[in-house]
Amino acid sequence: ILLWGAPRDFRIDKGSAAILTAENKVDRRLLPPKKILGKNSKSLVERRQKDLEQYLQTLLVQFPQATPPALSCFLHLQLYEVNGVTAALAEDLFHKGEQLLEAGQVFTLRPLQLYSVTQQLRLATPTCFTGDAKTDLGHILDFTCRLKYLKISGAQGPVGSSNIQENSLPFDLSIFKSLLQIEITECSSQQISGLSSLRQTLATMSVHHSTDSMQLVLVPEASEFPQWEPEGAVSSCPVTAVIPVWKSLTTLDLSHNDISAVDSSVKLIPKVEFLDLSHNQLSSVENLQHLYSLVHVDLSYNLLCSLDAAHTRLGNIKTLGLSGNQLSSLQGLCKLYSLVNLDLSHNQLTQLEEIRNIGSLPCLEKLNLSDNPMCIIPDYRTKVLAQFGDRAAEVCLDGKTTTEKELDTVEVLKAIQKAKDMKDQKRTIHSFTQRKPGQE
Ligand SMILES: *[C@@H]1O[C@H](CO)[C@@H](O)[C@H](O)[C@H]1NC(C)=O
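Residues numbered from 1 in each chain as written. Predicted model: local features only at pLDDT ≥ 70, side-chain atom pairs only at ≥ 80, totals over all residues.

Per an unreviewed UniProt entry, the chain is named Nischarin, and its organism is Neogobius melanostomus.

What follows is the structure in structure tokens.
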């Protein structure tokens, strides 16, 4: 039996000791005597703690096969110990598993539970540890084979009153055979194995507060095979590993991590339509040209200062979230012709002229520019809308519909702009015709 730190509020109560003595033939003399005098002195408490520890170790050695229920309950084994944790989960699923699967709800597991199942499978101990068929490991495996929606919810700090650090417990996900959706929070990507076995079925994956690299999530094999290629790629150089793609994955949410680069692992997710990389550490956006199916991309709350030629990487997207970055120029966005929603709020946009870069995007309907320095410019709304020319009435700026009055002003501004443009044009033609004879 593997026992992690015993509960801090540890105390042997007379009842448990009596049951153990009576039912399990534990020698009563093993129990350290209670000391009444000076009960609160520190050294006495410490010594008694040691004695009790000794007593528990003796007990556990005495029952190498199955811990008596009284003892395991008293030690909180169902909360803290491999066999106890799996037995409790198995029994729970024995009663409710079928119902949960039918309801199609998200089922939440903790890393400690997954670790325990993983360990028990590795140890090749009997699948039923307690002798009670309801607690057979088989109930868990049957459930995990069929489960579709899983959430793994880790946590920082110790579990309950033990000293177990949950995010250091490795676990293996290959017991899941039918997952469509997984959400992982507050784990460390290093503790997770078997993610790649979900490649066939998974449609939606969310990983938060758990990784600093896309590759750790999408190509865990890369730690063994630094040289790899996605399957089906035409490759000239010899590679050591051919990695299957995530063939059903359409939604990938890696928001709230510490990712600093979009690495080449995205070659393995060609079907992704919705990509959320918000709240990370991206200072540039590479490699997205490999994602032909992208429709919605969220890059909000990163460290982006500019986006050069975004259309070469985000050619067909409809929604682009860029809120909370450091953008001061919109030059790179001028050819995102399919864009419908654009969120540029919370950036460093100062110059109204920058809007010209997006003014002729033919499908743009929603534009968010709130919390940019340019918002304090007098008549900011009408001046922005005027740059959309004939489409000014179709663009919804900062979530507010354009009023008739604003549209009137926009018309005036457009007329002024037009006159100015024509004047500029004339001047160019004029100087051109003037220069012509000189050139000959
Ligand atoms: C625009 O952005 C601000 C700041 O991020 C946000 O609070 C607001 O809800 C957004 N408005 C719309 C209509 O999306």
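What follows continues from the structure just given.
Student: Please clarify how the overall build of the chain should be interpreted in this entry.
Tutor: Tallying secondary structure elements over the chain gives 11 helices and 15 strands in all. The buried share of the chain, reckoned over its 440 residues, is 30%. Summarising the internal contacts of the chain: among those between residues at least 6 apart in sequence, 52% fall at separations of at least 24. (Helix = DSSP H or I, 4+ residues; strand = E, 2+ residues; numbered from the N terminus. Buried ≥ 20, exposed ≤ 12 C-beta atoms within 10 Å, placed from the backbone. Contact = placed C-beta atoms within 7 Å.)

Student: Sorry if this is basic, but what is going on with the nonpolar core here?
Tutor: The nonpolar side chains of soluble globular proteins are, as a tendency, buried together. Counting 82 residues, the largest nonpolar core has Ile269, Leu294, Leu314, Leu320, Leu336 and Leu385 as its most contacted members. Sorting the residues of this core by element identifies helix 5 (82-103), helix 6 (111-123), helix 7 (137-146), strand 2 (149-153), strand 4 (181-185), strand 6 (204-208), helix 8 (214-218) and helix 10 (380-386) as the ones contributing at least two each. Ranked by the residues each element gives to this core, the list is headed by helix 5, at 6 residues. If you count residues domain by domain, this core takes at least three from each of domain 2 (76-210) and domain 3 (304-440). Discounting residues that sit within four places of it in the chain, Leu314 has contacts with Leu288, Leu294, Val297, Leu320 and Leu336. (Core = buried A, V, L, I, M, F, W, Y, C linked by C-beta atoms within 7 Å. Domains from an automatic or database assignment.)

Student: Please explain helix 5 as it appears in this structure.
Tutor: For an α-helix, the turn length of 3.6 residues means that residues three or four places apart are oriented alike. Approximately 60° is the largest bend angle found in helix 5, and it occurs at Lys96. Val82, Asn83, Gly84, Val85, Thr86, Ala87, Leu89, Ala90, Leu93 and Gly97 are the residues of helix 5 that are buried. (Bend = angle between axes of the 7 residues up to and from the residue.)

Student: I tried to follow helix 6 on my own but got confused; where do I start?
Tutor: An ideal rise of 1.5 Å per residue puts 18 Å on 13 residues; helix 6 measures up with 18 Å between its terminal C-alpha atoms. Of all the positions in helix 6, only Pro111, Leu112, Gln113, Leu114, Tyr115, Ser116, Val117, Thr118 and Gln120 are classed as buried. Where helix 6 is buried, its residues contact helix 5, strand 1 (107-109), helix 7, strand 2 and strand 3 (171-172). (Expected span 1.5 Å × (residues − 1).)

Student: Is there a simple way to think about the environment of Asn347 in this case?
Tutor: Within the fold, Asn347 resides in the loop between strand 13 (341-343) and helix 9 (356-359). Linking Asn347 and Leu327, residues 20 residues apart in sequence, is a C-alpha distance of 5.4 Å. Ignoring anything within four residues of it in the chain, the contact list for Asn347 reads Leu322, Asn325, Gln326, Leu327 and Asn372.

Student: What am I meant to see in the pairing of strand 2 here?
Tutor: Note on strand geometry: in a regular strand, side chains alternate between the two faces of the sheet. Alternating positions in strand 2 separate cleanly, Leu150 and Ile152 being buried on one face and Tyr149, Lys151 and Ser153 remaining unburied on the opposite face. Bridge analysis of strand 1 against strand 2 gives 3 bridges, and the strand direction is parallel. Paired with Phe107 across the strands is Leu150, a residue of strand 2. Two elements, strand 2 and strand 4, share 5 bridges in a ladder whose sense is parallel. The residue bridging Leu150 from the neighbouring strand is Ile182, located in strand 4. (Pairing = 2+ DSSP bridges.)

Student: Please clarify how the pairing of strand 4 should be interpreted in this entry.
Tutor: Alternating residues of strand 4 divide into Ile182 and Ile184, all buried, and Gln181, Glu183 and Thr185, none buried. Sheet topology note: the strand 4/strand 6 ladder contains 5 bridges and is parallel. Residue pairing for strand 6: Gln181 is matched across the bridge by Thr204.

Student: Teacher, can you tell me more about the sheet that holds strand 4 here?
Tutor: Neighbouring strands of a sheet are bound in pairs by backbone hydrogen bonds; such pairs are parallel or else antiparallel. In space, the 11 strands of this open sheet follow the order 1-2-4-6-9-10-11-12-13-14-15, with parallel pairing throughout. Each having just a single partner strand, strand 1 and strand 15 (396-397) make up the two edges of the open sheet. Sheet analysis places strand 10 (residues 274-276) next to strand 11 (residues 296-298), joined by 3 bridges and oriented parallel. Pairing of Phe274 across the sheet is with His296, part of strand 11.

Student: What's the story with the packing of helix 5 against helix 6 in this structure? I'm lost.
Tutor: How two helices pack is summed up by the angle between their axes together with the distance between the axes. Direction vectors running N to C along helix 5 and helix 6 enclose 105°, while the axes themselves pass 8 Å from each other. Taken together, the axis directions place helix 5 and helix 6 in an arrangement best described as roughly perpendicular. Of the residues in helix 6, those in contact with Val82, Asn83, Val85, Thr86 and Leu89 of helix 5 are Leu112, Gln113, Ser116, Val117, Gln119 and Gln120. Among the residues making up the contact of helix 5 with helix 6, the classes are represented as 5 nonpolar, 6 polar and no charged. (Axes fitted to C-alpha atoms, helices over the stretch in contact; angles between N-to-C directions. Parallel < 35°, antiparallel > 145°, perpendicular 65-115°, else oblique. Nonpolar A, V, L, I, M, F, W, Y, C, P; charged D, E, K, R; others polar.)

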